[in-house]
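Summary of the model geometry
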Number of protein chains: 2
Amino acid sequence: MTAPMFTPSAMRVKRSPIERVSALIGQGTINLAGGSPDPSLIPLEKLREAYTQIIEEYGAKSFFYPGAGGLDQLIHQLKKWCATLDIGGGEIIVTSGAQHAITQLCAALLSAQDAYVHENPTFVETMNSFLFYSPQGEPVAVDDQGIQTSILESRLKTRKSPPKLLYTVPTAHNPLGVTMSEERRKHLVELAQKYGFTIIEDDPYRPISKPTRTLYSMSPENVVYVGSLSKALAPGLRIGFVLTTSHALAEKLRDLEQMDFSTSTVNQLVTAKILESGLIQSKLGDLREHYASKMRLMLESLRENGLEPIYQPQDGFFCLVNTNTYAEELLLKAVKLGVAFVPASEFYFDNTGHTNIRLSIGPVDKSLIPEGVNRLVKALNQNEQA
Amino acid sequence: MTAPMFTPSAMRVKRSPIERVSALIGQGTINLAGGSPDPSLIPLEKLREAYTQIIEEYGAKSFFYPGAGGLDQLIHQLKKWCATLDIGGGEIIVTSGAQHAITQLCAALLSAQDAYVHENPTFVETMNSFLFYSPQGEPVAVDDQGIQTSILESRLKTRKSPPKLLYTVPTAHNPLGVTMSEERRKHLVELAQKYGFTIIEDDPYRPISKPTRTLYSMSPENVVYVGSLSKALAPGLRIGFVLTTSHALAEKLRDLEQMDFSTSTVNQLVTAKILESGLIQSKLGDLREHYASKMRLMLESLRENGLEPIYQPQDGFFCLVNTNTYAEELLLKAVKLGVAFVPASEFYFDNTGHTNIRLSIGPVDKSLIPEGVNRLVKALNQNEQA
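Residues numbered from 1 in each chain as written. Chains lettered and ligands numbered in written order. Predicted model: local features only at pLDDT ≥ 70, side-chain atom pairs only at ≥ 80, totals over all residues.

1. What about the sheet that holds strand S7 (residues 198-202) of chain B?
Residue and element names in this part refer to chain B. Taken in spatial order, the eight strands of this open sheet run S2-S9-S8-S7-S6-S3-S4-S5, and their pairing is mixed. Each edge of the open sheet carries a strand with a single partner, namely strand S2 (91-95) and strand S5 (146-147). Direction of pairing for strand S3 (residues 116-120) relative to strand S4 (residues 137-143): parallel, over a ladder of five bridges. Note on S4: the bridge partner recorded for Asn-120 is Ala-141. Contacts from helix H6 (residues 124-133) reach S3, S4, strand S6 (165-168) and S7 within the one sheet, and its direction differs from that of S3 by about 160 degrees. (Pairing = 2+ DSSP bridges. Helix = DSSP H or I, 4+ residues; strand = E, 2+ residues; numbered from the N terminus. Contact = placed C-beta atoms within 7 Å. Axes fitted to C-alpha atoms, helices over the stretch in contact; angles between N-to-C directions.)

Right, here's the structure in full:
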């Protein structure tokens, strides 16, 4: 092709800093960058068994086209999963991970002239989906209690019409690690009811977080819930889901899934089999404690070096640290010293955050966290001397 | 959600007749509808072994996030696959099947005001992807030699500006079963060069078809190639690919894959392992002959009942038959008699084809083809009597 002309939508989608950094991670690099779960917690033997069992049980049907919307076996198990995690009830549409779910929701609901509110900072990769469909994003600041609903309310009061959507990661926020307080949750849902916008509740960390009420359970008509098995089971299966009480939306999402049919049949059956076994459900407390203990060690290691996160993380994989130095430059030094993190400026949509870095306790081996922080501090010191 | 307002793009995506019909297929229904390969040809034991081997070899890495654009191991094998099938060389972007590839290409290249040419009839499900991005489709008739390039040429001569894209299934057309002649291929590529549009060559049936020159190999700068392993290996893995000589397009497709990351890591590794083993490559001739013999039996069974396809199918799974009766009504009777097919009117974009049906020899057991046709004929006879 000579000089392809990309669409304005496609031009708004940028290579994420997480993808950029993951290309820099070599052997021996301590990975404080990725959002993957701890490899030691992926139940490999159980997965291997499940593939064998599914292929024996379903034969060639394991490898037929999946059709749109998800297989009955998996939908059945995900409904139970939603009950176990107090998410709420409704129609389930299986997706190829939560990122795919967000994209499908934007495809259904967001036109180029539609405004949407999102947290600032927010997860840079899901913002690609929003930006593809509309450039009309409106950032609202997050503090240690979650999105600042008072700021949101004052904006809503002066708007002619409400935004179409509001995107939030209320539990174990990415990249801040904070969890929205009960009070803020109530206020946010009230605002959605009063002004008439739809909240997309992106909740991948729930299975490994302290229990909270979902926004969805507080007001199912105003919230679409997005769940994921990437953190509690394994991201490489690519299984997520949308939960909604709107049959019309569920049907439209099934229509839209015909545009990719991307959710592997055999992986859906394997995930259903593992959910049915109760394996993950029985380990949720252990998973939570495993990641909490890694985060405690991360915070301790930072503190020993005079570093503090911007807010104390409540759950999940991430904390955000202001290094008071240009993060992209720091990254190059850090990678040379054998540690990787994600520069956070692209998580901000108000041209700030250039000195902030996202640190993850997800994929790193716990024993390497102190040395990872040491290397980071070494890079910081080099930077100051330079 | 109270009354979700769907976007105009989402409203243009309709439930495909193939999805509708597959919901009607019960136990005992002879399936002349689906586009799945023959279940007896899916190498189950090899797939089971490959999952075990990959999980042993790669451990938790089998289940990490896939990243965008495909794993190196699979890209390496797909390059060899493209050489084996004389497709041509270039950059490979792995996708979750060919349908996902088409959607990603439309996302990169097609704005709502962009015109595109497609065959008439054409594959209804890929048209969903085009229609989502632009309503400006322009059908051009297909005959037994493929798309009628003389009609296309006369239209191009009178246009102010060329269409942005042209979509074609040149080999084993869906639903007509015809393969574009060498002469038409040359003419089509010349038109793309002269008028400056990009051809999307959707080629899922190549591995099971008689050798032909790809449009891509005739003019890589004007053609983007879309390939699939769904017909030669298994659709449930969801593995397809884009092949292009445009680095800019390859990079943009990688960016856009961040919007779903939908291609399962373990399935990519399993597919690479099976390609590496040479298993499918060694069986391509057998696969081709297996489907050809099923098609011969289908045509014979039709002929015995006084039925002929509109054009003689060359390869692939499909032939199109004019039943001279309203196909949707016929379907209801046929399903009651235990046979399913796809009414073809939605494959047409000029409000014709209401009496045409697409018959498939893909998933049906060969021995059931004559009985399937008998049931179809019974339904036709009932219709005439009614």
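2. Points about the relation of the copies chain B and chain A
Note on the copies: chain B fits chain A at an RMSD of 0.0 Å, the axial shift is 0.0 Å, and the rotation between them is 180 degrees. Taken together, the rotation and translation relating the two chain copies correspond to the operation of a two-fold axis. Using C-alpha coordinates, one finds that chain B approaches the rotation axis most closely at Ser-262 of chain B, a distance of 3.1 Å. Here 100% of the interface residues in chain B have copies in chain A that are interface residues too; the copies meet face to matching face. (Least-squares fit on C-alpha atoms with pLDDT ≥ 70 in both.)

3. A short note on the interface of chain B and chain A
Contacts between the two partners involve 71 residues from chain B, matched on the other side by 72 residues from chain A. For the side of chain B that touches chain A, the elements supplying multiple residues, two or more each, are helix H1 (8-11), helix H2 (17-22), helix H3 (44-58), helix H5 (98-109), H6, helix H10 (247-257) and helix H11 (265-277) of chain B.

4. Quick notes on the environment of Gly-67 of chain A
With respect to the element layout, Gly-67 of chain A can be found in the loop between helix H3 (44-58) and helix H4 (72-84). Taking the C-alpha atoms as reference, Gly-67 of chain A lies 49 Å from Ser-301 of chain A; in sequence the two are 234 residues apart. Here Gly-67 of chain A is in contact with Glu-19 and Ser-22 of chain B, once residues within four sequence places are set aside.

5. Examining the UniProt feature "domain: Aminotransferase class I/classII large" (unreviewed entry) in chain A
As annotated in UniProt, the feature "domain: Aminotransferase class I/classII large" (unreviewed entry) corresponds to residues 30-375 of chain A in the numbering used here. The span residues 30-375 of chain A shows a helical share of 42% and a strand share of 16%, and its end C-alpha atoms are spaced 9 Å apart. (UniProt positions renumbered as here; feature names shortened; annotations may be inferred.)

6. Points about the environment of Glu-304 of chain B
Among the structural elements, Glu-304 of chain B can be located in helix H12 (residues 279-304). For the pair formed by Glu-304 of chain B and Val-373 of chain B, sequence separation is 69 residues and the distance between their alpha carbons is 9.7 Å.

7. Quick look at the packing of helix H12 (residues 279-304) of chain A against helix H14 (residues 369-385) of chain A
All names here are of chain A. Where H12 contacts H14, the two axes come as close as 9 Å, and the packing angle between them is 35 degrees. Viewed along their axes, H12 and H14 form a crossing whose handedness is right-handed. Here Lys-294, Leu-297, Met-298, Ser-301 and Leu-302 of H12 lie close against H14, whose contacting residues are Ile-369, Pro-370 and Val-373. Looking at side-chain class alone, the contact of H12 with H14 contains six nonpolar, one polar and one charged residues. (Left-handed = near helix turned anticlockwise from the far one by under 90°. Nonpolar A, V, L, I, M, F, W, Y, C, P; charged D, E, K, R; others polar.)

8. Some words on the nonpolar core
Grouped together as the largest cluster of nonpolar side chains are 249 residues, with contacts concentrated most on Phe-341 of chain A together with Phe-341 of chain B. If sequence neighbours within four positions are ignored, Phe-341 of chain A has contacts with Leu-32, Ala-33, Leu-331, Ala-334, Ile-357, Arg-358, Leu-359 and Leu-376 of chain A. (Core = buried A, V, L, I, M, F, W, Y, C linked by C-beta atoms within 7 Å. Buried ≥ 20, exposed ≤ 12 C-beta atoms within 10 Å, placed from the backbone.)

9. A word on H3 of chain B
Compared with an ideal rise of 1.5 Å per residue, which puts 15 residues at 21 Å, H3 of chain B spans 21 Å between its outermost C-alpha atoms and is within 8% of the ideal. Residues Leu-47, Ala-50, Tyr-51, Ile-54 and Ile-55 of chain B constitute the buried set of H3 of chain B. Down the axis of H3 of chain B, the sector holding all buried residues measures 125 degrees, keeping them to one side. Of the exposed residues in H3 of chain B, the ones pointing more than 90 degrees away from its buried face are Glu-45, Glu-56 and Glu-57 of chain B. Summarising the contacts, the buried residues of H3 of chain B are in contact with H3 of chain A together with H11 of chain B. Positive backbone phi, at 55 degrees, marks Gly-59 of chain B, one or two positions downstream of H3 of chain B. (Expected span 1.5 Å × (residues − 1). Arc of directions from axis to C-beta.)

10. Observations regarding the sheet that holds strand S9 (residues 240-244) of chain A
Residue and element names in this part refer to chain A. With mixed pairing, the eight strands of this open sheet are ordered in space as S2-S9-S8-S7-S6-S3-S4-S5. Of all strands in the sheet, those bounded by a partner on one side alone are strand S2 (91-95) and strand S5 (146-147). By the bridge criterion, five bridges tie S2 to S9 in an arrangement that is antiparallel. Following the sheet pairing, Ile-92 is matched in S9 by Leu-243. The sheet strands contacting helix H7 (residues 149-158) are strand S3 (116-120), strand S4 (137-143) and S5, and the helix crosses S4 at an angle near 150 degrees.

11. Observations concerning the domain arrangement of chain A
Residues and elements named next belong to chain A. Taken domain by domain, chain A holds domain 1 (12-42 + 283-385) and domain 2 (44-279). Just the C-alpha atoms count here: the centres of domain 1 and domain 2 sit 25 Å apart. At the junction of the two partners, domain 1 supplies 32 residues and domain 2 supplies 32 residues. Looking at the side of domain 1 that touches domain 2, the elements that each hand over two or more residues are helix H2 (17-22), H12 and strand S10 (318-322). The element that contributes the greatest number of residues to the side of domain 1 that touches domain 2 is H12, accounting for five residues. Of the residues assigned to the side of domain 1 that touches domain 2, the class counts are 19 nonpolar, six polar and seven charged. (Domains from an automatic or database assignment.)

12. Remarks on the confidence of the model for chain A
For chain A, per-residue confidence averages 96 on the pLDDT scale, and 99% of positions sit at 70 or higher. For this predicted complex, the interface confidence comes out at an ipTM of 0.96, alongside a pTM of 0.97. (pLDDT = per-residue confidence, 0-100.)

13. Some details on H11 of chain B
The periodicity of an α-helix, 3.6 residues per turn, causes residues three or four positions apart to be oriented the same way. Helix length check: H11 of chain B (13 residues) gives 19 Å between terminal C-alpha atoms against 18 Å at 1.5 Å per residue, within 8%. H11 of chain B sits mainly inside the fold: eleven of its 13 residues count as buried.

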